[in-house]
Amino acid sequence: ESLLKMPPDFDGGGWTSTLAELQVEAEDVIKRLMEYTADGTEKLVQYTTDSSNKVLQLSQEGADRLRDYLDEISGSSFGQKAQDRLHRVRAEWQWGSHGLGTSLHVPIPCEVDHRFIVALAILLKVSSDQAEQHGSEALLRRPVTLALILIEAVTFMVPGGLPLRELCLSPFCVWEKAQWMRLVTPAVIHMDATHLMCNLATALPDCLELEASGGSIKFGLELVGLTGLSHTIYVAWALASKSAFRRNVEYYSVGAVGLSSVAFALQVVAGEQKRSKVVVMGVMVPSQYVWVFGLTLAHLCSPSTSFPGHLSGVLAGLMYNYGIKPVARLVKQVFQGSTALVRRPTATASQRGPRFWGGGTTGGRDFEPGSAAYPSQRSRWWKSWAINLGSQLGLVALATGVFLMSSGRALSKHPINSWQLR
């Protein structure tokens, strides 16, 4: 601006020119230059966008081709062996002395959130109902149930917590490292207070019922047996999933803890023993099928819980009801010199009420193994056993199918670095 205010200078040729005239020419040049620059910038942006889209498209095509190639390789025997070897090396490092879970102890701190409040309310309600049903001193008359609750509470309150990696249920460690104590220890370990209260609320009614009906010794043996059986079935599930569906995460990387598997087993056993109608969420259902509602509710409210772990408990209860108990009863009766599977207690003539027999006659006689009526009674027992077992296994198959379809993981390949606690 100061230069433009200066007087004109004489130029060669006798004419004058001011810087204002030069500014006009410069502005025109600058204007054209800005137009060219804007047009070039727009074209550059368009070219960069097109190039980025082409790069992304090529990258996506390359990734798809690579995935297809890896899927083709993994489907071969060589690819499966290589993948299994990688998972095995990872598991050896994970469950070894330098594993990722070395410093992890449980229980972990639990926030007083809505889950905690709901779990506490359910536990208090269940405890109140059981005290009303069995009496305020019910636990003192059930030593095994009381011992179970005390063990759960003591292990939960250990100063500094318990090492999770050394005590959780790992199918890999059980099957390949022969760490058989892992079939028992996970039942007394819980991730937090909410986890513990939910499991105790589920197991407490069935524990009290089974110990009251069968006695402490029998219930104690059932509790230990169902614990080991349910966890063994879980290990078998993980091994089968790895072999049949290539779902390696359940076998190599999962560490399971909690009493829930045993609680489902106890629920199945107690429901079969009651053989009555119970109310579940306002619906009357046979007691032997209550586990279906429990399994559904558990996974609707907490989808991250282990479905295989809970279903293993159900299968353990069914195996006990329809396999172990009938065989034990048969063996006992064989040793007692009887071939009858079901025998009613002897009653006096005055205590026996009339019963209908075939042909429309009545009588107060008992079934005798050698009588003509006994074969039909035995046939009815086997028929009832087969129908009940078939219905239970049908529900198990249905629940498994729904789980596999909803999760979409039946044939999926899980990442090798997964580490899950359930």
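Every value quoted in this text rests on a predicted model; they were computed, and no experiment measured them.

1. Considerations on the overall build of the protein chain
Right, on to step 1. A count of helical and extended segments in the protein chain gives 13 helices and 10 strands.
Right, on to step 2. Here the protein chain holds 422 residues, and the buried ones make up 36% of them.
Right, on to step 3. For the protein chain, contacts bridging at least 24 residues in sequence account for 72% of all contacts bridging at least 6.
Right, on to step 4. In the form shown here, the protein chain has an accessible surface area of approximately 25,100 Å², with 65% of it arising from carbon and sulfur atoms.

2. Notes on the environment of G294
Right, on to step 1. Its place among the elements puts G294 in helix α11 (residues 290-301).
Right, on to step 2. Sequence-wise, G294 and V280 are 14 residues apart; in three dimensions their C-alpha atoms are separated by 9.2 Å.

3. Let's talk about the confidence of the model for the protein chain
Right, on to step 1. Of the residues in the protein chain, 73% reach a pLDDT of 70 or more, and the chain-wide mean stands at 78.
Right, on to step 2. Averaged pLDDT values for the elements of the protein chain fall to 42 in strand β8 (residues 355-356) and rise to 95 in helix α4 (residues 143-156).
Right, on to step 3. Throughout residues 343-373 the model reports pLDDT below 50, and contacts reaching past four residues in sequence, or to other chains, amount to 37 contacts.
Right, on to step 4. In the predicted structure, residues 409-422 sits below a pLDDT of 50 and forms 44 contacts with residues beyond four places in sequence or in another chain.

4. A word on a nonpolar patch on the surface
Right, on to step 1. A cluster of nonpolar side chains, contributed by V327, V331 and F335, occupies part of the molecular surface with about 330 Å² of accessible area.
Right, on to step 2. With respect to the helices, strands and loops of the structure, V331 is situated in helix α12 (residues 307-335).
Right, on to step 3. The class for V331 is partly exposed, based on a relative accessible area of 39%.

5. A look at unusual backbone geometry
It is generally the case that most residues other than glycine have a negative phi and that most peptide bonds are trans.
Right, on to step 1. Residue V106 is joined to P107 through a cis peptide bond whose omega torsion reads 5°.
Right, on to step 2. Within the secondary structure, P107 sits in the loop between β3 (105-106) and α3 (114-134).
Right, on to step 3. Positioned with a positive phi, A178 is a non-glycine residue whose angle comes to about 55°.
Right, on to step 4. Along the chain, the position of A178 falls in the loop between α6 (171-177) and α7 (193-214).
Right, on to step 5. The phi torsion at R275 lies on the positive side, around 50°, for a residue other than glycine.
Right, on to step 6. Residue placement: R275 occurs in the loop between α10 (260-274) and β6 (277-280).

How each quantity is defined
Residues numbered from 1 in each chain as written. Predicted model: local features only at pLDDT ≥ 70, side-chain atom pairs only at ≥ 80, totals over all residues. Heavy atoms only, no water. Helix = DSSP H or I, 4+ residues; strand = E, 2+ residues; numbered from the N terminus. Buried < 20%, exposed > 50% of the residue type's maximum accessible area, 1.4 Å probe, protein only. Contact = heavy atoms within 4.5 Å. Areas by Shrake-Rupley, 256 points an atom, 1.4 Å probe, with all protein chains shown as cover. pLDDT = per-residue confidence, 0-100. Patch = residues over 30% accessible without salt bridge, like charges linked within 9 Å, V, L, I, M, F, W, Y side chains within 5 Å. Salt bridge = Lys/Arg side-chain N within 4 Å of Asp/Glu carboxyl O.

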